[in-house]
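Structural overview
The residues making up each chain are set out below.
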Amino acid sequence: AQSVAQPEDQVNVAEGNPLTVKCTYSVSGNPYLFWYVQYPNRGLQFLLKYITGDNLVKGSYGFEAEFNKSQTSFHLKKPSALVSDSALYFCAVRLNSGYSTLTFGKGTMLLVSP
Amino acid sequence: DVKVTQSSRYLVKRTGEKVFLECVQDMDHENMFWYRQDPGLGLRLIYFSYDVKMKEKGDIPEGYSVSREKKERFSLILESASTNQTSMYLCASPHSGQGRETQYFGPGTRLLVL
């Protein structure tokens, strides 16, 4: 079975400061890893993904994530937070072989204060 | 860009009613998914479909059924709505070909069952 843990229900950061949203995963094989963002009353928007290759993945809106195989982590980062980054963030994982379904974490609310 | 649409943004139904949630994608994709989103639980997979007239149970199929009569349309059916089915329902469809591992989401339908 595969699973995702987002240990923080909420992350608070001041505008201009770096932000990190944590994600760890468990999968029996090599993973595909994803980050999605959800703004209020909206569907999920794809931010970035790790499939293979470089461990540092760059995505939309200045976000990036680092795949760490030994720590089974895929933390989302941004060097300088914006108030408009305030939203709900979901990490997701699936096996990279055949076709398997996505498993999502419970989500982390990011609040960026002015 | 992938476009996934859902027939309603908000629905209010009474206990025992039959409810249809419609999802349409305009990119001739084979795979479509239905999730429900609840606070503190993240996204949970209800049903998915690999092709017309094909369906597979996800993690929480009880109380739901689906229909895929045409490739572009994937319907989620609540045979007899109950209050514990009050939730946000999200439809998703991935790209075809390269990048098929990434799911793209509709705007969501927020269902309230009274």
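These remarks concern the structure in this document. These numbers come from a predicted model, not from an experiment.

Before going further, it helps to spend a moment on the environment of Val 37 of chain A. Residue and element names in this part refer to chain A. Relative to the elements of secondary structure, Val 37 occurs in strand E5 (residues 31–38). A relative accessible area of 0% means that Val 37 is categorised as buried. A C-alpha to C-alpha distance of 6.2 Å links Val 37 and Phe 90, two positions 53 residues apart in sequence. Not counting chain neighbours up to four residues away, the residues in contact with Val 37 comprise Gly 43, Leu 44, Gln 45, Leu 47, Ala 87, Leu 88 and Tyr 89.

Before going further, it helps to spend a moment on the sheet that holds strand E1 (residues 4–6) of chain B. Residues and elements named next belong to chain B. One open sheet accounts for four strands, arranged E1-E3-E8-E7; its pairing is antiparallel. Each edge of the open sheet is held by one strand with a lone partner, namely E1 and strand E7 (65–70). Averaged over all pairs of adjacent strands, the angle between their axes in this sheet comes to 20 degrees, without regard to strand direction. One ladder, built from six bridges, connects strand E3 (residues 19–25) with strand E8 (residues 73–78); its direction is antiparallel. By the bridge assignment for E8, Leu 21 is matched with Leu 76.

Next up on the list: the side chain of Glu 64 of chain A. Residues and elements named next belong to chain A. Checked against the element boundaries, Glu 64 lands in strand E8 (residues 64–68). On the basis of relative accessible area, Glu 64 is assigned to the buried category, the value being 18%. A polar side-chain atom of Glu 64 sits 2.9 Å from a polar atom in the side chain of Lys 58. Excluding residues that lie within four positions of it along the chain, Glu 64 makes contacts with Leu 48, Leu 56, Val 57, Lys 58, His 75, Leu 76 and Lys 77.

The next subject is the interface of chain B and chain A. Counting residues at the interface gives 25 residues for chain B and 20 residues for chain A. Together, the buried faces of chain B and chain A total about 1800 Å²; carbon and sulfur atoms form 56% of this surface. When the area that chain B buries against chain A is broken down by residue, the three leading residues are Leu 43, Glu 101 and Phe 105 of chain B, summing to 29%. The tally of links from chain B across to chain A stands at four residue pairs in polar contact (both at pLDDT 80 or more). Elements that contribute at least two residues to the side of chain B that touches chain A include exactly strand E4 (32–38), strand E5 (42–49), strand E9 (87–94) and strand E10 (103–105) of chain B. Counting residues per element, the side of chain B that touches chain A draws most heavily on E5 of chain B, at four residues.

Another aspect to go through is the nonpolar core. In terms of nonpolar packing, the biggest core is built from 28 residues, with Trp 35, Leu 47, Leu 48, Phe 74, Leu 76 and Tyr 89 of chain A touching the most fellow members. For this core, the elements supplying multiple residues, two or more each, are strand E2 (10–14), strand E3 (19–21), E5, strand E6 (44–50), E8, strand E9 (73–78), strand E10 (87–95) and strand E12 (108–113) of chain A. The greatest single-element share of this core, amounting to five residues, is contributed by E10 of chain A. Tyr 47, Val 66, Leu 76 and Leu 111 of chain B belong to the second largest nonpolar core, which has 20 residues in total.

Further remarks concern the packing of aromatic side chains. Two aromatic rings, taken as a pair, are described by how far apart their centres are and by the angle between their planes. Taken as a whole and assessed by the stated rule, the structure comprises 15 aromatic pairs over all chains. Between Tyr 25 of chain A and Phe 67 of chain A, the ring centres sit 6.2 Å apart and the planes meet at 25 degrees, which makes this aromatic pair stacked. Taken together, the residues Tyr 25 of chain A in strand E4 (residues 24–26) and Phe 67 of chain A in strand E8 connect sequence positions 42 residues apart. Centroid distance Tyr 35 of chain B to Phe 105 of chain B: 5.7 Å. Interplanar angle 40 degrees. Geometry classified as tilted.

Cut-off values and rules
Residues numbered from 1 in each chain as written. Chains lettered and ligands numbered in written order. Predicted model: local features only at pLDDT ≥ 70, side-chain atom pairs only at ≥ 80, totals over all residues. Heavy atoms only, no water. Helix = DSSP H or I, 4+ residues; strand = E, 2+ residues; numbered from the N terminus. Buried < 20%, exposed > 50% of the residue type's maximum accessible area, 1.4 Å probe, protein only. Contact = heavy atoms within 4.5 Å. Pairing = 2+ DSSP bridges. Axes fitted to C-alpha atoms, helices over the stretch in contact; angles between N-to-C directions. Polar contact = N/O pair within 3.5 Å; in protein donor to acceptor, adjacent residues only side chain to side chain. Buried area = accessible area lost by both parts, 1.4 Å probe. Core = buried A, V, L, I, M, F, W, Y, C linked by side-chain atoms within 4.5 Å. Phe/Tyr/Trp six-rings, centres within 6.5 Å; stacked < 30°, edge-to-face > 60°.

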